[in-house]
Amino acid sequence: MQNITGVRVVSAAAVVAAVVFGARGLVGTIWLAPWDLPNGLLLVATALAGLAGAVVLVAAVRARDRRALAFAVSVLAFALLWPAPGWATAVLVVVAQGALVAFGVLTVRNEDGAQRAFGWVVTVAASLWFVSALLSNAVLLTALPQEALGIAFSVPGLLQTVAYLAATVLVAVPLLRPVGRGVNALWASAEVR
């Protein structure tokens, strides 16, 4: 019983971290530009997600779960962006993106059905996030007209959101299994079919 509760706690921590960093991808995009969130709120959310990532990391190391370890590394690298010096932020973003790609690949290799499909979404979105962020920092500054720069700089954030929100679905599976079993039990006992 304690093991099941521990898995659910770790899953809930992973969900919190993934939702926070999925939402962080939308902050600063062209669609949310008029609504700047206070820095204090962003800092608290990042710290909470970082703590949740640390919980997932400890559990992943104990269980020797490479998939959970990749997710935890991605979340912790992203959480460490705010206190990191300027030169380290680029490295931490690449680590977060690479670990998220690894999480997606491990999911695709080890799971099937809907989880595998979400693993593909994570892998492709995180890979495109890396490429689009690289292009927006290197090429797009000189190649695009002024009107298109806002949209081009919003693409990495949107891809980050897609990658982390798809990862949210994957890390929420231990929380959703009891719900699925309950629905199946209700359906099996229903007389209305």
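Refer to the preceding data block for the structure.
To keep things clear, this report deals only with the structure shown in the data block. None of these values were measured; they are calculated from a predicted model. (Residues numbered from 1 in each chain as written. Predicted model: local features only at pLDDT ≥ 70, side-chain atom pairs only at ≥ 80, totals over all residues. Heavy atoms only, no water.)

**Points about the packing of aromatic side chains**
Under the definition given, this model contains four aromatic pairs. Their ring planes at 55° and their centres at 5.4 Å tell us that F71 and F103 sit as a pair that is tilted. Linking F71 in helix α3 (residues 66–79) with F103 in helix α4 (residues 86–110), this pair joins segments that are 32 residues apart in sequence. Classification of F103 as buried rests on a relative accessible area of 1%. (Phe/Tyr/Trp six-rings, centres within 6.5 Å; stacked < 30°, edge-to-face > 60°. Helix = DSSP H or I, 4+ residues; strand = E, 2+ residues; numbered from the N terminus. Buried < 20%, exposed > 50% of the residue type's maximum accessible area, 1.4 Å probe, protein only.)

**A short note on the pattern of salt bridges**
As enumerated under the stated definition, the model contains one salt bridge in all. The salt bridge involving R67 is made with E111; its shortest N-O contact spans 3.8 Å. Linking R67 in helix α3 with E111 in the loop between α4 and α5 (114–138), this pair joins segments that are 44 residues apart in sequence. The class of E111 is partly exposed, set by a relative accessible area of 24%. (Salt bridge = Lys/Arg side-chain N within 4 Å of Asp/Glu carboxyl O.)

**With respect to the nonpolar core**
F21, F71, L100, F103 and Y164 are the most contacted members of the largest nonpolar core, which totals 38 residues. Breaking this core down by element, the ones donating at least two residues are α1 (2–26), α2 (39–63), α3, α4, α5 and α7 (146–171). The element contributing the most residues to this core is α3, with eight residues. Once you skip the residues sitting within four places of it in the chain, Y164 turns out to touch A18, F21, G22, S74, V75, F78, A96, L100 and W129. (Core = buried A, V, L, I, M, F, W, Y, C linked by side-chain atoms within 4.5 Å. Contact = heavy atoms within 4.5 Å.)

**Some remarks on unusual backbone geometry**
Not every positive phi belongs to a glycine, and R64 is a case in point at roughly 55°. Within the fold, R64 resides in the loop between α2 and α3. By relative accessible area, which is 76% here, R64 ends up exposed.

**Considering the packing of α2 against α3**
Their axes nearest at 8 Å, the elements α2 and α3 cross at an angle of 155°. Of the possible angle classes, the one that applies to α2 and α3 is roughly antiparallel. Crossing handedness for the pair α2 and α3: left-handed. Judged by residue contacts, T46, A49, G50, G53, A54, V56, L57, A60 and V61 of α2 engage A68, L69, F71, A72, V75, L76 and A79 from α3. When the residues that make up the contact of α2 with α3 are grouped by side-chain class, the tally is 13 nonpolar, three polar and no charged. (Axes fitted to C-alpha atoms, helices over the stretch in contact; angles between N-to-C directions. Parallel < 35°, antiparallel > 145°, perpendicular 65-115°, else oblique. Left-handed = near helix turned anticlockwise from the far one by under 90°. Nonpolar A, V, L, I, M, F, W, Y, C, P; charged D, E, K, R; others polar.)

**Considerations on α2**
Its 25 residues place the ends of α2 36 Å apart at the C-alpha level, agreeing with the 36 Å of an ideal helix rising 1.5 Å per residue. Considered for burial, the residues of α2 that qualify are L42, T46, A49, G50, A52, G53, V56 and A60. Within two residues after α2, R64 carries a phi angle of roughly 55°, on the positive side. (Expected span 1.5 Å × (residues − 1).)

**Here we look at the packing of α3 against α4**
Direction vectors running N to C along α3 and α4 enclose 160°, while the axes themselves pass 8 Å from each other. If you check the angle between α3 and α4, you find them roughly antiparallel. Judged by the sense of rotation from one axis to the other, the crossing of α3 with α4 is left-handed. Facing α3, whose interface residues are R66, R67, A70, F71, V73, S74, A77 and F78, α4 presents L92, V95, A96, A99, L100, A102, F103, L106 and T107. Of the residues that constitute the contact of α3 with α4, the class distribution is 13 nonpolar, two polar and two charged.

**Considering a nonpolar patch on the surface**
Residues V61, L69, V73, V91 and V95 make up a contiguous nonpolar surface patch of about 360 Å² in total accessible area. For the nonpolar patch, the elements supplying multiple residues, two or more each, are α3 and α4. Along the chain, the position of V95 falls in helix α4. Given a relative accessible area of 34%, V95 falls into the partly exposed group. (Patch = residues over 30% accessible without salt bridge, like charges linked within 9 Å, V, L, I, M, F, W, Y side chains within 5 Å. Areas by Shrake-Rupley, 256 points an atom, 1.4 Å probe, with all protein chains shown as cover.)

**Focus on the environment of S74**
By the element assignment, S74 lies in helix α3. Distance from S74 to Y164, taken between C-alpha atoms, is 9.9 Å for residues 90 residues apart in sequence. Discounting residues that sit within four places of it in the chain, S74 has contacts with A96, A99, L100 and Y164. From its side chain, S74 meets the backbone oxygen of A96 in a polar contact 2.9 Å long. (Polar contact = N/O pair within 3.5 Å; in protein donor to acceptor, adjacent residues only side chain to side chain.)

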